[in-house]
Amino acid sequence: MTISKAQITLLHVAKSKLGWTDDLYRSALVRIAGVTSAKELDNEGLEAMMGFAEYCGFRPLVAGAPRYGNRPGMATFAQLELIRELWREIHRERVCDDEALIGWLRKYHKVDSMRFLTMEAARKAITALKAWKSRPRRAA
């Protein structure tokens, strides 16, 4: 199965960011993926090419947590990220489980989304999460 146009675009972005010449790019396609054009790539070939691009120094942008802009009186982006990081550390997860975090915020801080946290509520949430994190763990 061939890859999507968005995936081909990502590969071309990697090519341009790394400054690969067309000859180097085509040579890599043949040697790494066994194809002569990006349109012929399958998922395995794309993964191999992106692995080579990352080896060469390309770092694709990862969709991060939403930023809500500068809003006077509301939680800052740094506070929201700290809340997410503390939540990950408490639950020993690599990725923040936003649904569970929102459930906790709803129950204890009466907000339905992180974007509704005031600066003061964010401070309280951070303090609560730090206290939770410092508690001794029970053996599972």
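Here, the structure is the one placed above.
About the thresholds
- Residues numbered from 1 in each chain as written.
- Predicted model: local features only at pLDDT ≥ 70, side-chain atom pairs only at ≥ 80, totals over all residues.
- Heavy atoms only, no water.
- Helix = DSSP H or I, 4+ residues; strand = E, 2+ residues; numbered from the N terminus.
- Buried < 20%, exposed > 50% of the residue type's maximum accessible area, 1.4 Å probe, protein only.
- Core = buried A, V, L, I, M, F, W, Y, C linked by side-chain atoms within 4.5 Å.
- Salt bridge = Lys/Arg side-chain N within 4 Å of Asp/Glu carboxyl O.
- Axes fitted to C-alpha atoms, helices over the stretch in contact; angles between N-to-C directions.
- Parallel < 35°, antiparallel > 145°, perpendicular 65-115°, else oblique.
- Contact = heavy atoms within 4.5 Å.

1. Examining unusual backbone geometry
(1) Moving on: Positioned with a positive phi, Lys110 is a non-glycine residue whose angle comes to about 55°.
(2) Moving on: Structurally, Lys110 can be placed in the loop between α5 (98-109) and α6 (119-134).
(3) Moving on: Under the relative-accessibility criterion, Lys110 is labelled exposed at 67%.

2. Looking at the nonpolar core
Burial of nonpolar side chains together is a common tendency in soluble globular proteins.
(1) Moving on: Formed by 18 residues in total, the largest nonpolar core has its most connected members in Ile83, Leu101, Trp104, Leu105, Met114, Leu117 and Leu129.
(2) Moving on: Counting residues in each nonpolar core, the second largest holds 16 residues, with Leu29, Leu46, Ala53 and Phe58 among its members.

3. Points about the pattern of salt bridges
(1) Moving on: For the structure shown, the criterion picks out eight salt bridges.
(2) Moving on: We note a salt bridge from Lys15 to Asp22, for which the minimum N-O separation is 3.4 Å.
(3) Moving on: Arg26 is the salt-bridge partner of Asp22, the closest N and O atoms lying 3.8 Å from each other. Of the two residues, Asp22 and Arg26 both sit in helix α2 (residues 22-33), four residues apart, roughly one turn of that helix.

4. Quick notes on the packing of helix α4 (residues 77-91) against α5
(1) Moving on: Where α4 meets α5, the axes come as close as 11 Å, and the angle between the chain directions of the two elements is 105°. Comparing the axis directions of α4 and α5 gives the class roughly perpendicular. The segment α4 lies against α5, with Ile83, Arg84 and Trp87 engaging Asp98, Ala100, Leu101 and Trp104.

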